[in-house]
Amino acid sequence: MVYHSSFVDDEQITKACGCPLLPLKSHIKGPAPVSDQDRTDIVDEAITFFRANVFFTNFDIKSSADKLLIYLTFYINVALKRLEGCRTLAEGTKAIINLGLENVPVPGESGFPFPGLFTLPQSKREAELFRNYLKQIREETSGRLLSVAYRPNGTPNKWWLAFAKRKFMNVIVP
């Protein structure tokens, strides 16, 4: 059974493209509200559930936060593929930084991995808000992923990097 997000739809949460802009425990500048450091956020859930959820080809969406969980699971898969050949934390950090510099497509643009999962942006402003949120959440996920994909001594953690070979929801990773 697939793991779902504990974040339920809340009317007070801002949305863009049908996706909630959930709070993050982040120091990275962006549109996401700041969460308490002692609370679990969507990035924590995505990393915690990744190794179980990556095996599923279907994902039953119970809340709009599940859409974000799907996107983050896919992004973690992409990041692990980039880290696969990196033998040190320094190499991995460089690969993740390069991944972060890539263009972040939004729904309706070519390269967006899940057409139909999110609604199309209604305005240029909404598209930019969603792009900036995705960029911020990707950066935050990358930083936290490095801490689990590499041991404290800087060597790769094979129990994480082995999941780079998995294909989440049969979506081909570029």
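The shown structure was predicted, so the numbers you read here are calculated from the model rather than taken from an experiment. (Residues numbered from 1 in each chain as written. Predicted model: local features only at pLDDT ≥ 70, side-chain atom pairs only at ≥ 80, totals over all residues. Heavy atoms only, no water.)

Thoughts on the overall build of the protein
Using the following cut-off: Secondary structure is summarised from DSSP: a helix means a run of H or I of at least four residues, a strand means a run of E of at least two, and numbering begins at the N terminus for each. Two things to know: the radius of gyration comes from C-alpha atoms, and the globule rule equals 2.2 Å times the number of residues to the power 0.38. Each residue gets one of three labels from its accessible area relative to the maximum for its type: buried under 20%, exposed over 50%, partly exposed in between, using a 1.4 Å probe on protein chains only. For the accessible areas, the method is Shrake-Rupley and the probe is 1.4 Å, while residue cover comes only from the protein chains on display.
The secondary structure content of the protein amounts to five helices and two strands. The order of helices and strands in the protein, counted from the N terminus, is β-β-α-α-α-α-α. Its C-alpha atoms give the protein a radius of gyration of 15 Å, within 12% of the compact-globule value 16 Å for 174 residues. Expressed as lengths along the three principal axes of its C-alpha atoms, the size of the protein is roughly 45 × 35 × 30 Å. Put simply, the protein has 174 residues, and 50% of those count as buried. Here the protein displays about 9,200 Å² of accessible surface, and carbon together with sulfur accounts for 54% of that area.

Brief notes about empty space enclosed by the protein
Cut-off, in case you're wondering: Cavities and pockets were defined on a 1 Å grid built from protein atoms only: a cavity is a group of points that admits a 1.4 Å probe but offers it no way out, a pocket is an open group of points flanked by protein on both sides within 12 Å along at least five of seven lines, and a lining residue is one with an atom within 4 Å of any such point. Grid points are joined across faces, edges and corners, and a volume is the space filled by probe spheres set on the points. Following the grouping adopted for this structure description, the nonpolar residues are Ala, Val, Leu, Ile, Met, Phe, Trp, Tyr, Cys and Pro, the charged ones are Asp, Glu, Lys and Arg, and the polar ones are all others, Gly among them.
One pass over the full model with this rule turns up one cavity of 30 Å³ or more. Its boundaries defined by the atoms lining it, the largest cavity holds a volume of some 30 Å³. Around the largest cavity, the lining residues are Tyr 75, Leu 99, Gly 100, Glu 102, Val 104, Lys 135, Arg 138 and Glu 139. Mapped onto the lining of the largest cavity, the elements with two or more residues apiece are α3 (89–100) and α4 (124–149). Residue contributions to the lining of the largest cavity peak at three residues, all from α4. Looking at the lining of the largest cavity residue by residue, the class counts come to three nonpolar, one polar and four charged.

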